[in-house]
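# Structural description and commentary
So the chains spell out like this:
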Amino acid sequence: MFPVLLAVAALAAEGQNNPVPYSKKSIGQGRNVYIRHCAGCHGNDGKATVDVVADATDLTNPKAYTGGTSDGEIARNIRNGRNASMPAFGSQFKNEQELWNLVNFIRSLWPESTRPSLQPDPKE
Ligand code: HEC
C-alpha cells in the first residue's frame, strides 16, 4: 500500500504529463531529434559507451537517472539541462511536440518491462 501511495505522490509532483501518445511514429520522430542533438554525448544506442562525454548517463538504464524518470521529469531535465555537463535544450526544439517525441524515444530505449505500452499512431 505504502509504495503505491508514494508512486501516486510522485506522479502528482511530476507536474507535467506527456501530451504525445507513445506511438511508433512519435518514437521514430524522437529518434531523429536524438541523433541530431544527443547522440554525440549519449551514443547512437543511448548507452554512452564510446562517447565524447565520459560521464553522460546511460539512457537505456532508468536506474541510472538521478533526476527522475517520469515523462515530466525527463522533459524538464532535457529542457533545463542537468548539473554542469548536461546542456539545456529548451531553445533547440521547433515545438513542444519535438521534446515529447524525444521523451518517447528515450523511454523506448528502456528494458521492455519498464516501457509504456505502445499506442496506435494518432490519425492525421
Ligand atoms: C554535451 C554532452 C551532452 C549532450 C549533447 C546531451 N547530454 Fe544528456 N547528459 C549529459 C551528461 C554529462 C549527463 C549526466 C549529468 C549528471 O547527472 O551530472 C546527462 C544526463 C542526461 C539525462 C539524465 C538526467 C538524470 O535524470 O540523471 C537525460 C535524460 C539526458 N541527458 C538526455 C539527453 C537528451 C535527450 C539529449 C539531447 C537533446 C542530451 N541528453 C544531450 C551530456 C549530454
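Everything that follows concerns the structure shown earlier in this document.
Since we're looking at a predicted model, the values are computed, not measured.

## Let's talk about the site of the ligand
Inspection of the region around the ligand gives 23 residues, with Cys-38, Cys-41, His-42, Gly-67 and Met-86 positioned closest. Between the ligand and His-42 there is a distance of 2.8 Å, counted from a nitrogen atom to a side-chain nitrogen or oxygen. Measuring from an oxygen atom of the ligand, one finds a side-chain N or O atom of Asn-83 at 2.9 Å. In terms of residue class, the shell around the ligand is made up of 12 nonpolar, nine polar and two charged.

## Thoughts on the packing of helix α2 (residues 24-37) against helix α5 (residues 96-108)
Where α2 contacts α5, the axes come no closer than 7 Å and their chain directions differ by 95°. Classified by the angle between their axes, α2 and α5 sit roughly perpendicular to one another. On α5, the residues that touch Ser-26, Ile-27, Gln-29, Gly-30, Arg-31, Val-33, Tyr-34 and Arg-36 of α2 are Glu-98, Asn-101, Leu-102, Asn-104, Phe-105 and Ser-108. Classifying every residue of the contact of α2 with α5 by side-chain character gives five nonpolar, six polar and three charged.

Criteria and cut-off values
- Residues numbered from 1 in each chain as written.
- Predicted model: local features only at pLDDT ≥ 70, side-chain atom pairs only at ≥ 80, totals over all residues.
- Heavy atoms only, no water.
- Near = heavy atom within 4 Å.
- Polar contact = N/O pair within 3.5 Å; in protein donor to acceptor, adjacent residues only side chain to side chain.
- Nonpolar A, V, L, I, M, F, W, Y, C, P; charged D, E, K, R; others polar.
- Axes fitted to C-alpha atoms, helices over the stretch in contact; angles between N-to-C directions.
- Helix = DSSP H or I, 4+ residues; strand = E, 2+ residues; numbered from the N terminus.
- Parallel < 35°, antiparallel > 145°, perpendicular 65-115°, else oblique.
- Contact = heavy atoms within 4.5 Å.

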